[in-house]
Structure formats: C-alpha cells, structure tokens
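Listed here are the chains, written in short residue letters.
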Amino acid sequence: MTTVFGNPGSTELPFLSGFPEDFSYVLGLHEGAVVGMADGYAQGRGRPALVNLHTAPGLGNASAAIMTAYLNRTPLVIVAGQQDRRHLAAEPFLAGRLTEMAQPYVKWSSQPVRAEDVPAAIARAYHLAAQPPAGPAFVAVPQDDWEAVAGEVPRHRVVHRARPDERELERAARALEAARSPAIVAGAGVDRSGAWEDTVRLAEKLTAAAWADPFASRAGFPQDHPLFRGHLSPAQAALAEELSGHDVVLVLGAPVFRYYRYLPGPVVAEGTELLHVTDDPEEAARAPVGVSLVGDVALAVRHLLGSVRPSGRPAPQPPPAPPAPRAAEPLPVDYALYAVGRALPEEAVVVEETPSSKPLLHRYIRVRRPGGFYSAASGGLGFGVSAAVGLSIADPERPVVCVVGDGSLAYGLQALWSAGRYARRVVFVVLNNRQYRVLRLLARRDGLGGGLPGTGLEGLDPEGAARSLGCPAETVRGAGELEEALGRALASGGPRLLNVLVDPESPRDMWG
C-alpha cells in the first residue's frame, strides 16, 4: 500500500512527517470523498488501499462512505489519528471513541494497547480487509505512537481462496445439465473474483440465459452477449415472474435477492430450483430458498465449467435491441443516455449514480468488459464522483465515464478538486434536471400528493462549481451539442465535466 488517500489533521502530522519519496499521497477535501476515491482505487486494483483520516471528526465525516465500501466488499485499511496517548484518560480536545465509531461497517476495529504494536495491527488489518468477503478494517493510532520503536512485524503471506464443497458442486453440475431451461444470475462477486470469462463460457456451454441481479454494484456478464437477458426487478413478485421460465437458476456472487420496495410474493416460482454460490457466509445464511455454497466464486465456476457436459439445447432468442429514443427539446434523459452509450469506447469504465435514471442507463449503456461498471451497493450518494477519480488513478489509460445526477453530484463535489490534480481520462456526465427527481417519481408511483418540500434544486451550477475546483467543464443543452461535447471530453485525455441540461419531466416513470 504505497498510495495513501487522506485529509490530514494535527493528529496525523507525525505519520506524514518524512513521507517516503516512493509513496503517493492523494488529497481529498472531505473525508467522504477520500474514502470514495480509495474505494474506486481498491476495486480497480483488486487489492487493499490505505486511507488516513483525522480522528473523530474525520471518521464521522467518512462514515457513510465506509458503509458503502463495506457493502461494496472493498478492501480498505483505514487508519485514523487519535489524541496523544499520554492524556487520553482526560478525554482531551479531538479525542474520540474511534473503535466504536468505526463499527459496525468494518470487519475489525482496533486501537493497539501499546504503541509498539501499531505496525502489526496494520498488517493484521490488511489481511482481514482482503479476506473474502472483503471490506474495510480500522486501526486508531494515538498521535505519539508514531515516535515509538516498532515491535516485531509479522512478515507472512495469507492465501484467502477457499473452494466450495466439491460434492455439492457436482450435484449442482448435474442439476444444470438436466435442466430444461437453466439461467445464471451473475453478480458483483463474479467480477471481483475474476470469473467473468469463465462465467460466459459456462453460460454458453449450458446455453443458459444470463441475468444481472437487482442493484448490482458491478457487472458480472457482458451485456451485449446474446444470452444476456437484462437486470432483474428489485421486487419479489416481479423478480419471481422474470425467472419463472427457468427450472434451475444458478446465482453467482450475488445475494438471493436484494429488493427495494416491499411487494410480497414468492422468492422464486414454484418448480424453480435455486443454487447459490457466494464468498459471504452471512449472505448464504440469509438466503431464504435453495442451496447456498460458500467459497470462492471463480473456483466454483471453473469446477462447474469442467464438470458439465455441453448442452444440446437450442440457444434462446436474444431480446430485441431497444429502439433508439427520439431527440427533442428539452433533451430527454433517455436520449442523453443513448448518446453516452454510443460514444463510449468498448474498454470504458462506467460509474453510475443517477437513481431516477438507472433503469434507462442499463437499457442504453451496455457493459462489455470485466471491471466495466461500478455503483454504490449501499444506495448512498457521493460514491460516484469520488470512485471515478479513484478508478482513474488505478488505471490511468482506461477511460472512466461517471454518469451522475445533479443531486448526487452535490454529495461528491469535493472530489472534483482531486480529479483536476490526480485523474486523467475521466468524464463526469451530469444529468441536470434541477431536482431530486427520484423522490417525485416515488411519490407519484405511491399516489402521494404534490407539495413535496426539499425536492427542488434550482440554482445549482455544476459547470461553475467544477471550474472553481479546477476541473474543466461545459454546459450542454441539445442533442447535437451533447454528441460533440462527449467526443471532445473523451479525446481530451484529462478530467472534464459535462453539465447536461435534461428535460425536468424526464424520465416520467420510475422504471424508465
């Protein structure tokens, strides 16, 4: 961990003093942006990233982003400064109950008993953060500890991969072979474990339909593949109906299932057998139906791929491509997303944080490669802009496009300052409808009346805000203007924000 994401304070100065020349420090102007950038960086690199926060106030500011990282399964080592150990008993200014504050959304939370134990605690946090299911681990370090002589530091390597039970995998292979119409639900765990290509081969060998799970934080299957069927609905009855044509459903690296609105119904239709592979024992324990196998998703997929015989089933007909939306004035959201999808290079990374338009984004922007899509598993705002910066730092040659609402942007504005200084090929496409559109759509869907206070965002100036923070920006008002601006932004080789003024009455339906 030689890249440190932080926002420093007085309790961190001894840590930063004499900072090594072969380390990098990425400064964020708010702790939420700091953790979000580290989240994107760690996911992009596939290994733990180091975060340094300023005692209780900094940890408090970062708490929502830490929850998102926990639900994203992102390995982070979070170190926060604590007041000087020699007068902690008197609860001095800037002291805090840091280990309690970090919980429950960290895997381990510790303040070492002795200063000499700090390096060993950080090493332990590293291994625990990387252990599946990955997540943040926290160490509080009193200010004076950095001056102590270290004790013995463990120097060992931990191999985390664990194979699911092979007998159960063989039973799953036989069930998939015998199925009349098998399906695979490919979740974020497929991408995290490096099982993308093998999952494609497994689906092709079985001629199985492939689905994305509701609220997937990463894509586990190429969305332009003829076997891909789309994203499952985040409601019980609707999801069970979508899977009702399949007699065996294999859920890989995703929960069974994650819903939003309470709409009662069966988890799966009668006659559908559900098989589940996850690296998270808690996720397995709360699955309400089927058989859950706990272990490494990639190892499970490779076992199944080697065990099942090729299917003689005819391939299901691919779903028809959505019709091109109509350009109009004011600019409809669906056309804006269609234009983004057309402009994207195949290797681009898409970061999503546009709640009201998410179904439309999935309709018109197709992820084609591993590591090509990221979203906040928590549903919390502020992740998108920050994570896009971290992903750009992790792989400067791969273009990153963050599609974000104007309301969501306001939660992560500070990350634009970091984008202007550390990021390269990152474009922020702001769908600016001057409101919290998702709230108005939900109210309409639930039959609630008008007069909703606190949902209008008139007067926000994303272009001006970005420019003030050192990120080049422009405002886009029409369809032709948008396509030209996307081309310029993607060719610029640096960070750029497009403030896209869209029809405030678009979309008109929660699900596009």
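Before reading further, recall that the structure is shown in the block above.
Residues numbered from 1 in each chain as written. Predicted model: local features only at pLDDT ≥ 70, side-chain atom pairs only at ≥ 80, totals over all residues. Heavy atoms only, no water.

A. Fine view of the overall build of the chain. When its secondary structure is counted, the chain shows 19 helices and 18 strands. Computed over the C-alpha atoms, the radius of gyration of the chain is 24 Å, within 12% of the 24 Å expected from 2.2 N^0.38 for a compact globule of 512 residues. Counting only C-alpha atoms, the chain reaches 70 × 60 × 45 Å along its principal axes. Within the chain, the proportion of its 512 residues that are buried is 56%. Long-range contacts, defined here as pairs at least 24 residues apart, represent 75% of the contacts in the chain between residues at least 6 apart. Roughly 21,200 Å² of accessible area belongs to the chain as shown, and the carbon and sulfur atoms make up 52% of that amount. One finds the centroid of the 49 positive side-chain charges in the chain at a distance of 4 Å from the centroid of its 55 negative side-chain charges. (Helix = DSSP H or I, 4+ residues; strand = E, 2+ residues; numbered from the N terminus. Rg over C-alpha atoms; globule rule 2.2 N^0.38 Å. Buried < 20%, exposed > 50% of the residue type's maximum accessible area, 1.4 Å probe, protein only. Contact = heavy atoms within 4.5 Å. Areas by Shrake-Rupley, 256 points an atom, 1.4 Å probe, with all protein chains shown as cover. Lys, Arg positive; Asp, Glu negative; His and termini not counted. Charge placed at Lys NZ, Arg CZ, Asp CG, Glu CD.)

B. Examining the pattern of salt bridges more closely. Per the stated rule, a full pass over the model turns up 26 salt bridges. Here D144 makes a salt bridge to R86, at a shortest N to O gap of 3.8 Å. Within this pair, whereas D144 is found in the loop between β6 (136–142) and α6 (166–178), its partner R86 is found in the loop between β4 (76–82) and α4 (98–102), the two being separated by 58 residues in sequence. Across the pair R444 and E505 runs a salt bridge whose closest N-O atoms are separated by 3.9 Å. Of the two residues, R444 is situated in helix α17 (residues 437–445) and E505 in the segment after β18 (496–501); the sequence distance between them amounts to 61 residues. Overlapping salt bridges, with partners in common, bring together R73, D279, D280 and E283 in one network. (Salt bridge = Lys/Arg side-chain N within 4 Å of Asp/Glu carboxyl O.)

C. The sheet that holds β4, seen in detail. Sheet architecture is open: six strands sit in the order β2-β1-β3-β4-β6-β5, paired in parallel fashion. The sheet is open, and its two edges are formed by β2 (24–27) and β5 (109–110), each paired on a single side. Along the sheet, helix α3 (residues 55–72) contacts β3 (49–53), β4 and β6; its crossing angle with β4, the most-contacted strand, is approximately 165 degrees. (Pairing = 2+ DSSP bridges. Axes fitted to C-alpha atoms, helices over the stretch in contact; angles between N-to-C directions.)

D. Expanded view of unusual backbone geometry. The linkage connecting Q103 with the following residue, P104, adopts the cis geometry, with an omega of 5 degrees. Structurally, the position occupied by P104 is in the loop between α4 and β5. Despite not being glycine, T207 shows a phi value in the positive range, around 45 degrees. Considering the arrangement of structural elements, one finds T207 in the loop between α8 (196–206) and β8 (209–212). The class of T207 is buried, set by a relative accessible area of 14%. Backbone geometry places R434, a non-glycine residue, at a positive phi of 65 degrees.

E. Just the nonpolar core, in detail. L202, L250 and L337 are the most contacted members of the largest nonpolar core, which has 66 residues in total. Not counting chain neighbours up to four residues away, the residues in contact with L337 comprise S357, L360, L361, Y364, I365, V403 and L431. Counting residues in hydrophobic clusters, the runner-up holds 55 residues, among them V34, L53, V349 and L416. (Core = buried A, V, L, I, M, F, W, Y, C linked by side-chain atoms within 4.5 Å.)

F. Inspection of the packing of α8 against helix α11 (residues 297–307) at higher detail. Closest axis-to-axis distance for the α8/α11 pair is 9 Å, and the angle between their directions is 30 degrees. Judged by the angle between their axes, α8 and α11 are roughly parallel. Crossing of α8 over α11 shows left-handed handedness. Residues D198, T199, R201, L202 and K205 of α8 form the contact with α11, whose own contacting residues are V301, R302, L304 and L305. Looking at the contact of α8 with α11 residue by residue, the class counts come to four nonpolar, one polar and four charged. (Parallel < 35°, antiparallel > 145°, perpendicular 65-115°, else oblique. Left-handed = near helix turned anticlockwise from the far one by under 90°. Nonpolar A, V, L, I, M, F, W, Y, C, P; charged D, E, K, R; others polar.)

G. How the structure looks around the environment of A123. With respect to the helices and strands, A123 occurs in helix α5 (residues 118–130). Considering only alpha carbons, one finds A123 and R180, 57 residues apart in sequence, at a separation of 50 Å.

H. Inspection of the pairing of β4 at higher detail. Extensive coverage of β4 is indicated by the burial of seven of its seven residues. Burial of the side chains of β4 extends over both faces: L76, I78, A80 and Q82 are buried on one face and V77, V79 and G81 on the other. Two strands pair when backbone bridges link them, and β3 and β4 are joined in this way by five bridges, in the parallel orientation. Note that in β4 the partner of A49 across the bridge is L76. Running through α3, the crossover from β3 to the neighbouring parallel element β4 is right-handed. Where β4 meets β6, seven bridges bridge the pair, whose relative direction is parallel. (Right-handed = clockwise from strand over helix to strand, strands pointing away.)

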